[in-house]
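Results of the structural survey
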Amino acid sequence: MEKIILYVLAIFFIIALLIGGCFHRKARQEVKPFISEVENPPWVKNAVLYEVNIRQFTPEGTFKAFREHLPRLKELGVDILWLMPIHPIGIKNRKDGLGSYYSVRDYIGINPEFGTLDDFRNMLDEAHKMGFHVIIDWVPNHSSWDNSLIVEHPDFYVKDKNGNFIPPIGTDWTDVIQFDWTNKGLHDYMINALKFWVKTGVDGFRIDHPHKTPPAFWERAREELTKIKPLLMLAENEDQIDFLKKGFDMNYSWELHHLMNQIALKKDSVNALEKYYKKELIKYPQNAMRMVFLDNHDENSWNGTITSRMGEAQYPFAVFIFTTRGVPLLYNGQEVCLNKSLRFFTKDTIRWDTCAMTTFYQKLIILKKENEALWNGIAGGNMEIIKTNQPSKIFAFHREKNGNSVVIFLNLRNKEVSIKPDMSKIKGIYTEYFSHSQAEMPLKEPLLLEPLGFRVYIKK
């Protein structure tokens, strides 16, 4: 009897091992990096993104008025201007006074608030002459209730059981109605509309909420659009990694952004960053770019200013987004310490001034551009975490490319910290970027970091 029991237990043990092995293999498969076939435009290799809210950028809220700011943005050092939606806004079921930019009434039209198509072209030409590239926001998930497609192509939309148009399910977006992406005619329409803007001169698109659109559509769109010119395609998406295989250059690093907020508010440990990157560095290949940011229009309008979310921690985190792998984004006004949440549906002009962050961001942009190790995608160096004796307070990492080496230490706690980093593989004389002091690596003495302090060491 005992032998039978032992035999049965042995069988159960073997089955458990097999099942466990299957789950383990499945888990490994889930984080297996995919192969990106996207060829990134050459002008993205060390670029910095800048998001533009035309309505709130100037008192006039027009393309003509925005043109006057191009020299200042050139001096700041940003490269790619992302314009929030420039299309006419729906009137039916509009929210508040001016409505949401993301309620599109005409995909090949210009919002008359901002000016005319000629005004847009003139602004675009001026930006190109100054060396900028310009991408525009595109809204493929839904349209306004009074878009002409409702009459011309009602089959492009999802309907309820009574045949009525419906807003996107699970949202409060009552000013828009959901497209039906199973309709291939919608695919053709969107491709033609996108082509119109590429031929007008735009250099790519930031795609709003593409979650219910098929990756195959964006693969086709990219193939057809890049026959006209090389483009940057940015997806407001993080979960659907298939978008990055052939259709998009870049997606959002929302998880990392929320983690930075949590660490700044002391709701999460700095350890969480290392855990995040263990997953990130396996999941994403080097040429699948992530957009990294402290702010954007959603965060600013709905979740508060950078200062309200991060306080003084915004300084080391600003260093972080310009040195970690990924393409950094600045939201308009961020460089002048935007101290309010811009209203979304009504006029709320940015006050343009200067603050301590203005020259700080200029320095960070120069840092990124002058150091190949910090460039974007395959143009930059891999990221390697540096172990320290204070992992709950300090995040440190190293990037290297073609002989250019950058070592970063970030104190993400509001207390002075002395650290002993493991730097046995990092050797040579380095220069600290902000103080210009020199240090020999590996460090022989403990490194003292002031509260929320940082060090960026460079060897060329």
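Note: the structure precedes this text.
On a predicted model such as this, the values are computed, not experimentally measured, just so you know. (Residues numbered from 1 in each chain as written. Predicted model: local features only at pLDDT ≥ 70, side-chain atom pairs only at ≥ 80, totals over all residues. Heavy atoms only, no water.)

Our next topic: the nonpolar core. With 111 residues, the main nonpolar core has F120, F205 and F320 as its most contacted residues. Contacts of F205, omitting those with residues within four sequence positions, involve I135, I136, W138, L194, W197, V198, L225, L231, L232, M233 and L234. Grouped together as the second largest cluster of nonpolar side chains are 17 residues, V44, L234, W254 and F293 included. (Core = buried A, V, L, I, M, F, W, Y, C linked by side-chain atoms within 4.5 Å. Buried < 20%, exposed > 50% of the residue type's maximum accessible area, 1.4 Å probe, protein only. Contact = heavy atoms within 4.5 Å.)

This brings us to the environment of K64. Mapped onto the elements of the fold, K64 is located in helix α3 (residues 63–67). On the accessibility criterion, K64 (53% relative accessible area) is exposed. C-alpha of K64 to C-alpha of V158: the two residues are 94 residues apart in sequence and 38 Å apart in space. (Helix = DSSP H or I, 4+ residues; strand = E, 2+ residues; numbered from the N terminus.)

What follows concerns the packing of aromatic side chains. In this description, an aromatic ring pair is defined by two values, namely the gap between the centres and the angle between the planes. Inspection of the entire model under this criterion finds 42 aromatic pairs. Ring pairs connect the aromatic residues Y107, W138, F156, Y157, F165, F179, Y189 and F205, which therefore count as one cluster. Sitting above the plane of the W352 ring, R72 keeps its charged end 4.1 Å from the centroid. Looking at R290, its charged tip hangs above the ring of Y284, at a distance of 4.0 Å from the centre. (Phe/Tyr/Trp six-rings, centres within 6.5 Å; stacked < 30°, edge-to-face > 60°. Lys NZ or Arg CZ within 6 Å of the ring centre and 35° of its normal.)

Another aspect to go through is the environment of M291. The topology assignment puts M291 in strand β9 (residues 289–293). C-alpha of M291 to C-alpha of D249: the two residues are 42 residues apart in sequence and 10.0 Å apart in space. Each residue touching M291, except ones within four places of it in the same chain, is listed here: L49, W82, L234, M250, N251, Y252, S253, V327 and L329.

Time to look at the pattern of salt bridges. With the rule as written, the count across this model stands at 25 salt bridges. Across the salt bridge formed by R220 and E224, the nearest N and O atoms sit 2.9 Å from each other. Linking R220 with E224, this pair stays in helix α8 (residues 215–225), spanning 4 residues, or about one helical turn. By relative accessible area, R220 is classed as partly exposed at 31%. E440 serves as the salt-bridge partner of K444, at 3.6 Å between the closest nitrogen and oxygen. Of the residues examined, K444 reaches a relative accessible area of 65% and is grouped as exposed. By sharing partners, the salt bridges in this structure join D137, R206, D208 and E236 into a single network. (Salt bridge = Lys/Arg side-chain N within 4 Å of Asp/Glu carboxyl O.)

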